Structures are given as structure tokens and as C-alpha cells.
Amino acid sequence: AQTVTQSQPEMSVQEAETVTLSCTYDTSESDYYLFWYKQPPSRQMILVIRQEAYKQQNATENRFSVNFQKAAKSFSLKISDSQLGDAAMYFCAYRSPNNDMRFGAGTRLTVKP
Amino acid sequence: DVKVTQSSRYLVKRTGEKVFLECVQDMDHENMFWYRQDPGLGLRLIYFSYDVKMKEKGDIPEGYSVSREKKERFSLILESASTNQTSMYLCASSFPRGREQYFGPGTRLTVT
């Protein structure tokens, strides 16, 4: 079964600085999807960014970008110019073609003013 | 915008009670999911459904059942609530194959 590992339970970043959240996964599949979700305190979980495994180009959404290393099975999230509103739990997720979805344990990001 | 709603944000029940958690989505998604979220464990899949009246067990189905009588509605049932079922419950929905899941706001259930 696929597993997703987020090795950083907590991270902290200064406002306007850059932070990288780590994620590794284990799979024998070649075609899959990877996601980063954000869960603000007491608020709904929302999708931050998505990466298709067959695409070599790293996905980017405004201040959010990923470093997808397929051979290393690594999928890190970089947040540039961090803002106070970025404070949240961040979950890395893997989804196989047969809809099996796996989540990491999460990383709690604190943004310091 | 996709909207996934859950019947309650907070719920307190007693041990042994039957508990119903309701989830409704308005985007005609075929797939619906129930997760349990606990600190340090991430999200764990309880049950999912690919179609009306269809259900599949996830990783932790024990103590839970589900019902999907209509496409837009997916219910999670705790037949006899226990204290170890105190948790945050998240509902999600999606189109088939590879699309991201859309989440509801969650129900924080406390069983005393």
C-alpha cells in the first residue's frame, strides 16, 4: 500500500520569507497524482496545488510551488513571501489511478509577524 | 464553486448512542468519502462510495457504516458510539479518476 510521510510535524517561518515543507511517498505505480492541501485553524481544507506524475514540469500556483522528484519519490511545497494567512496545517496527499487516496500526518506551519 | 456541507460542526454524544453524520455535495460528484482526522495520524479513510447505493470499506471501517441513497448525500453512521470514536470527521467528494477531492468543513464529534 502507498504511504505518505511528512517528516516535519511543525515548521515556522518569518513573514515575507520562504519556507519549504517536505513530503515523501512510497508507491510502485508510475501514473498518479500528488496534492498539497491546506487546513486553516477551524476552517475547511482546501487544495493548494496539484501535480500529475507524468508531467515533469513542477506545478506552480502564485506563491506556491512544488519540487517534484519522481525518482526520489519526493514532493516538497515551497511557499514564497509567506503571509500571516498561510498559517495552517498542510497535508501532502497521494492519489493512485484507482482512486486510492493517502494523506500524510500533516505539518503545522506558523507564520511569525 | 464546489460546495460540500456537513450537518453539524460540533456534536456531543453519549457512549452507546447511534450517531448520524450527514454530508451533501452540490457538484454532481460520483465519488464521496468519509475520513477521520486525528492529530499525528493525518486523514484515515473510513468508507467511500463510487455511486448511489454502492459502498466500499476504507482502512478503518470497524464501528462505522454508511448509506448513500441519493447521489448528493453520503451518511456516516456510528451504530453504538464509543469514546475512541471521539474525533474530527471529514466528508469529501470528487469526480472519478485523478481529480482532487473537495472537503466539507468537518464535524468534531465528542463521545462521553
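Predicted model, so just to flag it, every value in this text is computed and none were measured.

(A) Structural context of the overall build of chain B. Within chain B one finds zero helices and eleven strands. Walking chain B from its N terminus toward its C terminus, one meets helices and strands in the order β-β-β-β-β-β-β-β-β-β-β. In terms of overall size, chain B behaves like a compact globule, its C-alpha atoms giving a radius of gyration of 13 Å where 112 residues would be expected to give roughly 13 Å. Reported as C-alpha extents along the three principal axes, the dimensions of chain B are approximately 35 × 30 × 25 Å. For chain B, buried positions account for 48% of its 112 residues. The long-range share in chain B, meaning contacts at least 24 apart out of those at least 6 apart in sequence, stands at 56%.

(B) Structural context of the interface of chain B and chain A. Taken together, the contacts link 24 residues of chain B with 19 residues of chain A. Buried surface at the junction of chain B and chain A, summed over both partners, amounts to about 1700 Å²; 44% is from carbon and sulfur atoms. Applying the counting rule to chain B against chain A returns two salt bridges. For B:D59, the salt bridge identified is with A:R102, shortest N-O distance 2.6 Å. Here chain B is connected to chain A by seven residue pairs in polar contact (both at pLDDT 80 or more). Those elements that provide at least two residues to the side of chain B that touches chain A are β4 (31-38), β5 (42-49) and β9 (87-94) of chain B. Per-element tally for the side of chain B that touches chain A: the top contributor is β4(B), with four residues. Broken down by class, the residue content of the side of chain B that touches chain A amounts to eleven nonpolar, eight polar and five charged.

Calculation rules
- Residues numbered from 1 in each chain as written.
- Chains lettered and ligands numbered in written order.
- Predicted model: local features only at pLDDT ≥ 70, side-chain atom pairs only at ≥ 80, totals over all residues.
- Heavy atoms only, no water.
- Helix = DSSP H or I, 4+ residues; strand = E, 2+ residues; numbered from the N terminus.
- Rg over C-alpha atoms; globule rule 2.2 N^0.38 Å.
- Buried < 20%, exposed > 50% of the residue type's maximum accessible area, 1.4 Å probe, protein only.
- Contact = heavy atoms within 4.5 Å.
- Buried area = accessible area lost by both parts, 1.4 Å probe.
- Salt bridge = Lys/Arg side-chain N within 4 Å of Asp/Glu carboxyl O.
- Polar contact = N/O pair within 3.5 Å; in protein donor to acceptor, adjacent residues only side chain to side chain.
- Nonpolar A, V, L, I, M, F, W, Y, C, P; charged D, E, K, R; others polar.

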